[in-house]
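Below, each chain spelled out in residue letters.
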Amino acid sequence: MAENIIVLGGDGFCGWPTSLYLSRAGYDVTIVDNLSRRKIDVELECDSLTPIRPLSKRIQAWRDLTGRNIDYACLDLAEHYHRILSLIRELRPRAIIHFAEQRAAPYSMKSSYHKRYTVSNNLNATHNILAAIVESGVDTHLVHLGTTGVYGYGTAGMTIPEGYLTVKVEVDGREQELEILYPANPGSVYHMTKTQDALAFYFYNKNDQVRITDLHQGIVWGTNTEDTSLDEALINRFDYDGDYGTVLNRFLMQSAIGHPLTVHGTGGQKRAFIHIQDTVECIRLAVETPPAREERVKIFNQVTETHTVRDLARKVARMTDTPIRYYENPRNEDSENTLSIRNEKFLELGLNPITLNKGLMNEVYTVARRYSHRCDRDNIVCTSTWRPDMQPDLHGKYEERPGEIPEEDASSEKPSEIEPG
Ligand code: NAD
Ligand code: USQ
């Protein structure tokens, strides 16, 4: 009999393609989602650029195409504790994959309401799942989507390890080595909830031996996977707005509608990235290599390359002949940082990374062009600021035209600072 997997947040950008990928791999998938992300679109007066279907229609289309069933439970993980407990008892899943959090940093900084919603949704959801796993007595494996943002984006001066840092401390005059969780350094209320999730995992693993994998994922780019490309009814969501749109997808979409690329500050912010097709593969790999019962929380850096925002903007500008516009940064973040991060654990498990290439960027650009009529240009510029005294810059300060972009010099085309061991 096929094994059960519960995908929490399975209607979302990462959760939907993961549900399909695991269903195709032979697991019986049950999606849990309260559709809060779709409701936030209503609040923000925005919508996915791609026309995503209602969840039951998506599931029906998958069944019609593949003959495979996906179940769905509509429940709020932060509120409906007993329903998730019953589901775990009933399904006794091999794994529970946890995507179900409010994941936009700008949305989490909009106002005190948005800060409080993000904290209460994310922390209660994560804690309810952990408590339910323990109360159910089911020996399942929790795979959580965390973020590389837990490490912070100051200049670390070192290569960031996968979760744990070896430190030397002096005890009674003798030096001892310890492995500790890498110090948390959140850059938004959203990122803060992810650092707090990590403590909850540490405790439930230590106290109850819950088997947990925490995936510190970089910024996901791309739209469709092999599965979501099978039919328009399976199409993945494409967030382009100032709160939920992430940087590379936004640049590709902006170029598709002829809007200047919206770089914050100098664009010297360096971040880690992963393509959505690699996201789903990493999750399968994590599910299939669970930690042992007594093993500490397993932490993987789910990233395949690093780039600065400016270099990405310049690549997209050259490729599509679109100007870059530099805006006052609405965030409280370092204007320039270095980032070097290890990622050998997934490579050792066989991940063959998909890195940025023109073909894949062109695919996103083509999707964005096809649905450009669905874009509301008023939602493009970021208006959520990190502090109440910061004013959003709606117009930008200056532009760089594609012809003015310096030739691809060594610094802009430097290979990614990923350290595979
Ligand atoms: P998303 O907002 O598209 O999907 C999250 C899903 O969870 C939504 O469908 C939402 O309705 C659901 N949800 C939220 N709170 C819930 C609750 N209380 N009960 C039930 N369902 C709930 O986000 P995503 O981009 O798919 O991200 C998934 C996870 O991956 C998040 O935890 C995010 O922090 C992490 N992540 C995402 C990225 C990225 O670039 N998208 C990068 C790194 C990490
Ligand atoms: N940025 C711009 N212009 C834009 C949008 C963003 O310059 O139009 C800059 C931001 O100021 C920031 C960087 O690009 O310096 C990344 O911003 P982002 O919105 O692409 O990503 P971020 O807010 O970090 O959040 C996203 C996901 C989140 C995930 C995180 C991974 O929304 O769920 O946790 O990526 S990480 O960045 O590694 O923390």
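Caption draft 1: Up close: the sheet that holds strand β11 (residues 270-275). With respect to topology, three strands assemble into an open sheet ordered β9-β11-β13, the strand pairing being mixed. Looking at which strands have only one partner, the edges of the open sheet turn out to be β9 (219-221) and β13 (305-308). Between one strand axis and the next, the sheet turns through 45° on average, direction left out of account.

Caption draft 2: Local environment of the packing of helix α8 (residues 247-257) against helix α12 (residues 358-370). For the pair α8 and α12, interaxial distance at closest approach is 8 Å and the crossing angle is 55°. The orientation of α8 relative to α12 falls into the category oblique. The handedness of the crossing between α8 and α12 is right-handed. In this structure, α8 contributes N249, L252, M253, S255 and A256 to the contact, and α12 contributes M361, V364, Y365, A368 and R369. Broken down by class, the residue content of the contact of α8 with α12 amounts to seven nonpolar, two polar and one charged.

Caption draft 3: Spotlight on the site of ligand 2. Every one of the 21 residues lining ligand 2 counts as a neighbour, but T147, G149, T246, V247 and H264 are closest to it. Breaking the shell around ligand 2 down by element, the ones donating at least two residues are α8, β10 (261-264) and β11. Looking at the shell around ligand 2, the element that brings in the most residues is β10, giving three residues. The residue inventory of the shell around ligand 2, partitioned by class, reads eight nonpolar, eight polar and five charged.

Caption draft 4: Here's a closer look at the site of ligand 1. Taken together, 26 residues lie around ligand 1, and G9, G12, C14, R103 and L145 are the ones closest in. Only α2 (36-44), α6 (112-136), β5 (141-147) and β9 provide two or more residues apiece to the shell around ligand 1. Per-class residue counts for the shell around ligand 1 are eleven nonpolar, nine polar and six charged.

Caption draft 5: Fine view of helix α9 (residues 276-288). Taking 1.5 Å of rise per residue, 13 residues should cover 18 Å, and α9 covers 19 Å from first to last C-alpha, within 8% of that figure. For α9, the set of buried residues is I276, D278, T279, V280, E281, C282, I283, A286 and V287.

Caption draft 6: A look at the sheet that holds β5. Within the open sheet, the seven strands sit side by side as β3-β2-β1-β4-β5-β8-β12. Their pairing is parallel. Here the strands that pair on one side only, and so sit at the sheet edges, are β3 (70-73) and β12 (298-302). Going from strand to strand, the sheet's axes swing by 20° on average, the running direction of each strand aside.

Caption draft 7: Layout of the nonpolar core. The biggest cluster of nonpolar side chains holds 90 residues, and the ones touching the most others in it are I5, L8, I97, I129, L252 and A313. With residues near it in sequence (within four places) discarded, L252 still touches V316, M361, V364, Y365 and A368. Counting residues in hydrophobic clusters, the runner-up holds eight residues, among them A104, A105, M192 and Y244.

Caption draft 8: Up close: the packing of helix α4 (residues 81-91) against α6. Running from amino to carboxyl end, α4 crosses α6 at an angle of 45°, the nearest separation of the two axes being 9 Å. With respect to α6, the element α4 is oriented oblique. The handedness of the crossing between α4 and α6 is right-handed. Along the contact surface, α4 presents Y81, I84, L85, I88 and R89, while α6 presents N128, I129, A132, I133, E135 and S136. Here the residues of the contact of α4 with α6 sort into seven nonpolar, two polar and two charged.

Caption draft 9: Seen up close, the environment of T262. Mapped onto the secondary structure, T262 falls in strand β10. Classification of T262 by C-beta neighbours within 10 Å gives buried; the count is 22. If we skip the residues at most four places from it in the chain, T262 touches R250, Q254, R325, Y327, I380 and V381.

Caption draft 10: Spatial organisation of helix α10 (residues 309-320). Helix length check: α10 (twelve residues) gives 16 Å between terminal C-alpha atoms against 16 Å at 1.5 Å per residue, within 8%. Of the surrounding secondary structure, the elements contacted by the buried residues of α10 are α8, β10, β13, β14 (324-327) and α12. With its phi angle positive at about 60°, D321 sits one or two positions after the end of α10.

Rules used in this analysis
Residues numbered from 1 in each chain as written. Chains lettered and ligands numbered in written order. Predicted model: local features only at pLDDT ≥ 70, side-chain atom pairs only at ≥ 80, totals over all residues. Pairing = 2+ DSSP bridges. Helix = DSSP H or I, 4+ residues; strand = E, 2+ residues; numbered from the N terminus. Axes fitted to C-alpha atoms, helices over the stretch in contact; angles between N-to-C directions. Parallel < 35°, antiparallel > 145°, perpendicular 65-115°, else oblique. Left-handed = near helix turned anticlockwise from the far one by under 90°. Contact = placed C-beta atoms within 7 Å. Nonpolar A, V, L, I, M, F, W, Y, C, P; charged D, E, K, R; others polar. Near = placed C-beta within 6 Å. Expected span 1.5 Å × (residues − 1). Buried ≥ 20, exposed ≤ 12 C-beta atoms within 10 Å, placed from the backbone. Core = buried A, V, L, I, M, F, W, Y, C linked by C-beta atoms within 7 Å.

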